[in-house]
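Read off the chains here:
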Amino acid sequence: MKAAYDVMVVGAGPAGSTAARVAAARGMSVLLIDKRQEIGSLVRCAEAVGAESLRPYIEPDERWINAHISAYAVWNSAGDHVSVPPTEPTLIVERKVFDRELAHLAAKAGAEVRAKTSAVGLLHENGAVAGVKTRSQGKDYAVKAKLVIAADGTESQVARWAGLKTVPPMRDYYSAFQYLLSGVNHMVDQTECQYHLGPSLAPGAMRGCSRRATTPLTSGW
Ligand SMILES: Cc1cc2nc3c(=O)[nH]c(=O)nc-3n(C[C@H](O)[C@H](O)[C@H](O)COP(=O)(O)OP(=O)(O)OC[C@H]3O[C@@H](n4cnc5c(N)ncnc54)[C@H](O)[C@@H]3O)c2cc1C
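Attention in this report is confined to the structure presented alongside it. Here the structure is a predicted model, which means the values were calculated and not measured.

1. Considering the nonpolar core
At step 1: With 39 residues, the main nonpolar core has M8, V9, V10, A20, V30 and L32 as its most contacted residues.
At step 2: At the level of elements, β1 (4–10), α1 (14–25), β2 (30–33), β4 (65–69), β7 (90–93), α3 (95–108) and β11 (139–150) are the ones that each hand at least two residues to this core.
At step 3: Beyond its immediate sequence surroundings of up to four residues, M8 is in contact with L31, G131, V132, V143, A145 and V148.

Here you go:
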């Protein structure tokens, strides 16, 4: 890790890796860090995305596409359901592979990518953000940067350290369990994304349960 970069990106999710790739491709020196040991796991995501929404950032690639969705079906506890087509071609991506591919593209464009490296604070100079305090394998490093990109998720701590309000109000929070299921592909239509609602599945919950039709070893929530 160098002592200074043009751009430092905290968080190698889709936003961070894409920002790092774009900055590096424009000739800036870029450091992209992520606190996780492995980029792409575990993510809190059901992995559905519109193909056209994705295209400005990355061309869809079958290597990280698990399913092509042609219908969304909502089921109630009585066993009735309605099925509607998506408003645009929808993909279920394998985030583990997708996130790594985006980080790989950032590295290919020239960004330095470091996993197992956490942002633990910000450096300030003359009242402005001037870099990031990082921790990697028990050691602390101060890394200066002309621009710091807080891509550490929707509840960004880095942005909060910089004085931005990033904590959503409590009314925007929902509690949930997310399970990764395998061996269910023979039971479901691989092109249909299913949502199962009702107290028989989750007594007391607002949303009973939902299930994605994907290939084995992918997510459902
Ligand atoms: C239950 C659930 C289901 C969802 N389903 C969908 C869906 O079907 N389709 C869809 O498009 N979106 C879905 N989302 C939303 C989607 O997951 C997020 O919008 C997306 O992951 C945000 O990407 P990001 O790059 O901004 O952040 P993230 O993907 O959250 O990446 C942030 C990265 O920052 C790293 N990080 C955090 N703090 C630090 C730190 N201090 N130092 C270093 N690294 C740090 C994390 O390890 C992580 O890798 C879902 C979200 C949830 C919770």
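Anyway, onward from the coordinates.
2. As for the pairing of strand β6 (residues 81–84)
At step 1: Note that strand β5 (residues 71–75) and β6 share four bridges and pair antiparallel. Bridge assignment links W75 to a residue of β6, and that residue is H81.
At step 2: What sits between the antiparallel neighbours β5 and β6 is a turn of five residues, in which G79 has the positive phi angle 95 degrees.

3. Looking at the packing of α1 against α3
When two helices pack together, their arrangement is given by the angle between the helix axes and the distance between those axes.
At step 1: Orientation of α1 relative to α3, taken along the N-to-C sense of each, is 20 degrees, at an axis distance of 8 Å. By the angle class used here, α1 and α3 are roughly parallel. The crossing of α1 and α3 is left-handed. Residues P14, S17, T18, A20, R21 and A24 of α1 touch α3, and the partners they reach there are D99, L102, A103, L105 and A106.
At step 2: Looking at side-chain class alone, the contact of α1 with α3 contains seven nonpolar, two polar and two charged residues.

4. As for the pairing of β11
At step 1: Taken together, the six bridges between β1 and β11 define a ladder with parallel strand orientation. Paired with M8 across the strands is V148, a residue of β11.
At step 2: Strand direction decides the pairing type here: strand β10 (residues 128–136) and β11, joined by six bridges, are antiparallel. Each bridged residue has a counterpart across the sheet, and for G131 the counterpart in β11 is K144.
At step 3: Taken together, β10 and the strand that follows it, β11, pair antiparallel across an intervening segment of two residues, in which Q137 is found at a positive phi of about 50 degrees.

Thresholds applied
- Residues numbered from 1 in each chain as written.
- Predicted model: local features only at pLDDT ≥ 70, side-chain atom pairs only at ≥ 80, totals over all residues.
- Core = buried A, V, L, I, M, F, W, Y, C linked by C-beta atoms within 7 Å.
- Buried ≥ 20, exposed ≤ 12 C-beta atoms within 10 Å, placed from the backbone.
- Helix = DSSP H or I, 4+ residues; strand = E, 2+ residues; numbered from the N terminus.
- Contact = placed C-beta atoms within 7 Å.
- Pairing = 2+ DSSP bridges.
- Axes fitted to C-alpha atoms, helices over the stretch in contact; angles between N-to-C directions.
- Parallel < 35°, antiparallel > 145°, perpendicular 65-115°, else oblique.
- Left-handed = near helix turned anticlockwise from the far one by under 90°.
- Nonpolar A, V, L, I, M, F, W, Y, C, P; charged D, E, K, R; others polar.

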